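What follows is the residue order along each chain.
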Amino acid sequence: MTANLLLAVTAGILVAAGVYLLLERSLTRILLGVLLISNGVNMLFLVAAGKPGAPPIIGISDEPPSDPLPQAMVLTAIVITMAVAAFVLTLAYRSFQLD
């Protein structure tokens, strides 16, 4: 139970630091804020998924298999974060060219 609490607190700290950086004016700090928020939310997804279960092979274990949905959601969130990071980097580069 303490590991889940520690991970939840760490995720909260990541999201709080990300929000703080997101409110700055610099595009690089905004990018870092988006990345921190994304990592915090991904950690919360995995904490909310519960304890790991058995492998999804029938007949190996009596306990129920782990739920693959949170892992799929985290993988999708990682891809979306990469796209948002590329977009913000493009905005920062264009801003640098104009100034």
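Model, not experiment: these values are computed from the prediction.

With that settled, the discussion passes to helix H2 (residues 27-48). Between its first and last C-alpha, H2 extends 31 Å over 22 residues, near the 32 Å set by a 1.5 Å rise per residue. Here H2 has its buried residues at Leu 31, Gly 33, Ser 38, Gly 40, Asn 42 and Val 47. Downstream of H2 by one or two residues, Gly 50 has phi in the positive range, about 95°.

Here we take up the layout of surface pockets. Size it by volume and the largest pocket reaches roughly 250 Å³. Gly 50, Lys 51, Pro 52, Gly 53 and Ser 66 are, among the 13 residues lining the largest pocket, the residues nearest its centre. Within the lining of the largest pocket, the residues separate by chemical class into 6 nonpolar, 4 polar and 3 charged.

Moving on: a nonpolar patch on the surface. On the surface, a nonpolar cluster with roughly 300 Å² of combined accessible area is contributed by Leu 5, Val 9 and Ile 13. Its location among the elements puts Leu 5 in helix H1 (residues 2-22). Judged by relative accessible area, Leu 5 falls into the exposed class, the value being 56%.

Conventions used here
- Residues numbered from 1 in each chain as written.
- Predicted model: local features only at pLDDT ≥ 70, side-chain atom pairs only at ≥ 80, totals over all residues.
- Heavy atoms only, no water.
- Helix = DSSP H or I, 4+ residues; strand = E, 2+ residues; numbered from the N terminus.
- Expected span 1.5 Å × (residues − 1).
- Buried < 20%, exposed > 50% of the residue type's maximum accessible area, 1.4 Å probe, protein only.
- 1 Å grid on protein atoms, 1.4 Å probe; cavity = no way out; pocket = protein on both sides within 12 Å on 5 of 7 lines; lining within 4 Å.
- Points joined across faces, edges and corners; volume = space filled by probe spheres on them.
- Nonpolar A, V, L, I, M, F, W, Y, C, P; charged D, E, K, R; others polar.
- Patch = residues over 30% accessible without salt bridge, like charges linked within 9 Å, V, L, I, M, F, W, Y side chains within 5 Å.
- Areas by Shrake-Rupley, 256 points an atom, 1.4 Å probe, with all protein chains shown as cover.
- Salt bridge = Lys/Arg side-chain N within 4 Å of Asp/Glu carboxyl O.

By themselves these figures say nothing about function.
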